[in-house]
Number of protein chains: 2
Amino acid sequence: MKLSTKGQYGVRAMFDLAQHFGQGPVSLKLVAERQDISEHYLEQIIAGLRKAGLVNSIRGAQGGYILSKEPSAITVGDIIRVLEGPVAPVDCVNEELTERCARADQCITKMIWAKVRDSIEQVIDGITLADMVKEAEKMRFAEGNYMYHI
Amino acid sequence: MKLSTKGQYGVRAMFDLAQHFGQGPVSLKLVAERQDISEHYLEQIIAGLRKAGLVNSIRGAQGGYILSKEPSAITVGDIIRVLEGPVAPVDCVNEELTERCARADQCITKMIWAKVRDSIEQVIDGITLADMVKEAEKMRFAEGNYMYHI
DNA sequence: AGAAATCCTATTAAAATAGTAGGATTTATT
DNA sequence: AATAAATCCTACTATTTTAATAGGATTTCT
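Because the structure is a prediction, the values reported are computed rather than measured.

Parameters at a glance
- Each residue is numbered by its place in its chain's sequence as written, counting from 1.
- The naming scheme follows written order: chains are lettered A onward, ligands numbered 1 onward.
- Side-chain atom pairs in this predicted model are given and counted only at pLDDT of 80 or more, local residue features only at pLDDT of at least 70, and totals for whole chains, interfaces and linings cover all residues.
- The side-chain figures draw on all heavy atoms in the structure; neither hydrogens nor water molecules are used.
- In this description a helix means any DSSP run of H or I spanning at least four residues, a strand means any run of E spanning at least two, and both kinds are numbered starting from the N terminus.
- Note on definitions: a residue-residue contact is assigned when non-hydrogen atoms from the two residues lie within 4.5 Å.
- For the area figures, the Shrake-Rupley method with a 1.4 Å probe applies, and any residue is considered shielded solely by the protein chains shown.
- Near, as used in this document, describes a residue that has one of its heavy atoms within 4 Å of the molecule or strand being considered.
- As used in this structure description, the phrase polar contact means that two N or O atoms lie within 3.5 Å; if the pair is within protein, one of them must be able to donate a hydrogen and the other to accept it, and residues adjacent in sequence are counted only when both atoms belong to side chains.
- Aromatic pairs are defined between Phe, Tyr and Trp rings, using the six-membered ring for Trp, whenever the two ring centres lie within 6.5 Å; interplanar angles under 30 degrees are classed as stacked, those over 60 as edge-to-face, and all others as tilted.
- We call a residue buried when its accessible area falls under 20% of the maximum for its residue type, exposed when it is over 50%, and partly exposed in between, using a 1.4 Å probe and counting protein chains only.
- In plain words, nonpolar cores are sets of buried Ala, Val, Leu, Ile, Met, Phe, Trp, Tyr and Cys residues tied together by side-chain atoms within 4.5 Å.
- Inter-axis angles, ranging from 0 to 180 degrees, are taken between N-to-C directions of lines fitted to C-alpha atoms, where helices are fitted over the stretch in contact.
- Orientation categories follow fixed angle ranges, with anything under 35 degrees roughly parallel, anything over 145 roughly antiparallel, 65 to 115 roughly perpendicular, and all other angles oblique.
- Each crossing gets its hand from how the near helix is turned against the far one by less than a right angle, where anticlockwise is left-handed and clockwise is right-handed.
- Residues were grouped as follows: Ala, Val, Leu, Ile, Met, Phe, Trp, Tyr, Cys and Pro as nonpolar; Asp, Glu, Lys and Arg as charged; and all remaining residues, including Gly, as polar.
- Least-squares superposition aligns the copies on the C-alpha atoms of those residues with pLDDT at or above 70 in both.

Q: Looking at this structure, how should I read the overall build of chain A?
A: Along its length, chain A carries 6 helices and 2 strands. Starting at the N terminus, the α and β elements of chain A follow one another as α-α-α-β-β-α-α-α. Pairs at least 24 apart in sequence give 65% of the contacts found in chain A among residues at least 6 apart. In the structure as shown, chain A presents an accessible area of about 8000 Å², 50% of it carried by carbon and sulfur atoms.

Q: Help me out: how do you make sense of unusual backbone geometry in this one?
A: The phi torsion of most residues other than glycine is negative, and most of the peptide bonds are trans. For A:Gln62, which is not a glycine, the phi torsion comes out positive at approximately 65°. Relative to the assigned elements, A:Gln62 resides in the loop between strand 1 (55–58) and strand 2 (64–67).

Q: Explain the protein's contact with DNA strand C here, please?
A: Around DNA strand C sit 25 residues in total, of which A:Leu28, A:Ser57, A:Tyr65, B:His40 and B:Gln44 are the nearest. Between DNA strand C and B:Ser38, the relevant distance is 3.2 Å, taken from a phosphate oxygen to a side-chain nitrogen or oxygen of the residue. Here B:Arg59 contributes a side-chain N or O atom positioned 2.9 Å from a base oxygen of DNA strand C. Those elements that place two or more of their residues in the surface near DNA strand C are helix 3 (39–51), strand 1 and strand 2 of chain A together with helix 1 (5–19) and helix 3 (39–51) of chain B.

Q: Looking at this structure, how should I read the packing of aromatic side chains?
A: Two aromatic rings, taken as a pair, are described by how far apart their centres are and by the angle between their planes. All names here are of chain A. In total, this model carries 2 aromatic pairs over all chains according to the counting rule given. Geometrically, the ring pair formed by Tyr9 and Tyr41 is edge-to-face, given 5.9 Å between the ring centres and 80° between the ring planes. Separated by 32 residues along the polypeptide, Tyr9 in helix 1 (residues 5–19) and Tyr41 in helix 3 bring together distant segments of the chain. Given a relative accessible area of 29%, Tyr41 falls into the partly exposed group.

Q: Before we go on, may I ask you to explain the nonpolar core in this structure?
A: Among soluble globular proteins, nonpolar side chains are generally buried collectively. Formed by 92 residues in total, the largest nonpolar core has its most connected members in A:Met14, A:Trp113, B:Met14 and B:Trp113. A total of 10 residues in this core trace back to one element, the largest contributor, which is helix 5 (residues 106–124) of chain A. If near-sequence neighbours (up to four positions away) are discounted, B:Trp113 is found in contact with A:Leu3, A:Gln8, A:Val11, A:Val76, A:Ile80, B:Pro89, B:Val90, B:Cys92 and B:Val93.

Q: Explanation requested: the packing of helix 2 (residues 28–35) of chain B against helix 3 of chain B in the structure shown.
A: Between two packed helices, the angle of one axis relative to the other and the distance separating the axes together describe the packing. All names here are of chain B. Look at helix 2 against helix 3: their axes get within 9 Å of each other, and the N-to-C directions meet at 115°. Judged by the inter-axis angle, helix 2 sits roughly perpendicular to helix 3. As for the relative orientation of helix 2 and helix 3, their crossing is right-handed in sense. Contact residues: helix 2 offers Leu28, Lys29, Val31 and Ala32, while helix 3 offers Glu39, Leu42, Glu43 and Ile46. When the residues that make up the contact of helix 2 with helix 3 are grouped by side-chain class, the tally is 5 nonpolar, no polar and 3 charged.

Q: Is there a simple way to think about the protein's contact with DNA strand D in this case?
A: If you check the shell around DNA strand D, you find 25 residues, and the closest are A:His40, A:Gln44, B:Leu28, B:Ser57 and B:Tyr65. Restricting the count to atoms of DNA strand D within 4 Å of the protein gives a sugar and phosphate share of 62%. In the model, a phosphate oxygen of DNA strand D is placed 3.3 Å from a nitrogen or oxygen of the A:Tyr9 side chain. In the model, a phosphate oxygen of DNA strand D is placed 2.7 Å from a nitrogen or oxygen of the B:Tyr65 side chain. The set of elements that each furnish at least two residues to the surface near DNA strand D consists of helix 1 and helix 3 of chain A together with helix 3, strand 1 (55–58) and strand 2 (64–67) of chain B.

Q: Explain the relation of the copies chain A and chain B here, please?
A: Each of the two chain copies can be brought onto the other by rotation about an axis and movement along it. When chain A is fitted to chain B, the residual RMSD is 0.1 Å, and the transformation amounts to a turn of 180° plus an axial shift of 0.0 Å. Such a combination of rotation and displacement between the chain copies is what one expects of a two-fold axis. Minimal C-alpha separation from the rotation axis in chain A is found for A:Met1, amounting to 2.4 Å. Looking at the interface residues of chain A, 88% of them are also at the interface in chain B, so both copies use one shared face.

Q: Any chance you could explain the side chain of A:Thr109 here in plain terms?
A: Mapped onto the secondary structure, A:Thr109 falls in helix 5. Apart from the residues lying within four places of it in its own chain, the contact partners of A:Thr109 are B:Val11, B:Arg12 and B:Met132.

Now the structure itself:
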C-alpha cells in the first residue's frame, strides 16, 4: 500500500508549480532544487503530467512549465492517477479493467477493497493544489515568520 | 497504491478460516483449493500470521489452522499490517519510523498522506472477519442472481 | 553564437513480488 | 509399527517494478 516516489515527487512538483502560478514558466531545475529531487528523474515524471494535459511546457531558454489549469482545478487525485494509474488496492476493483471475477466468495473481499478505494479517492479528489498553497500560507503565518509581535 | 497478493491472499485465507470457525482445524490444502491459491505460497503467508499470533496451528495428520481469536476480534487491518507492514502511503507518515522530515513545505504533502492513511485505517480497522462471514451469508440468501461487481 | 531550457530513448542497479523446490518434523489413523 | 497427512523451514529463482542515470537532440531567448 505504498505510493511510489513518482507519485510523491509528482505531487510535490505540482505543488511547487502551484505556488508560483501566475509568475510565468518555472524551470525544472528550480523545482528539482527546491523539492530536492533529481532533475533528470523529474523530467520523466513531468513528461507524464504534460502528456496528460496537467501542465504546459515552454521550450528554450527562460522556458519551463506552467499548470494548464488554475490550482483550484487540479486535485491530488488527478496527479496520482496519471503517475500511479487508477486508484485500486487490487485489480478486481480497478474501474479501468473489465475482467470479471469468477469466484463468489471473493466478492466479500472485493467489497472491502472497493471501500478502501473509495475512501482514498474521497481524500485525494477532495484536495486541490489551491488548497495546498493556502495551507502552506497558513503554516507560514502560524510559524511567525510573517507576523508582527503585538 | 497496490496491495500485494500476500495481503489479498492472507485476507481471503483468514476469511476462509472464519467461515469454518468452531469446526476444528482447517488444513491449508483445503483453504488453498477453495481460495484458489498456491498451497506452498499460502504456507509462507500463514506462517507470518501464525508468528503474529492471529492463528494457531495443529501439526500432524488431521491438523491445520484455527483462528486464535473469535472472528469478531480480528479485523482486516490486523491481517494487512502483519502481511504488508504498517499502513502508510509514504514513509514520512509511517508511525513505526521516527525519522523527521527536514523540509517544511513537505509537511503540506505529508498532511495529505496522513489523511489517506487515516481513511484507509478507518475502513480496514472497522471490518472484522465476523462482518465478512455475515455479509457472505447475506449474499447467499440473496441468491439466484450472479453476484455483481460493485 | 551561446546558453538555457525542454524533449527523447535507452540502459541499469537494486529491490520487491510471486512464487518453486525439497525436504524435515509431527501426529492421527490403520 | 507403518503410513499418510499435515505443518514447518530454508533456500532458490524468474519476473517485474522502481528509481534513477546517461547521453544526447531540439528549441528558443538573449
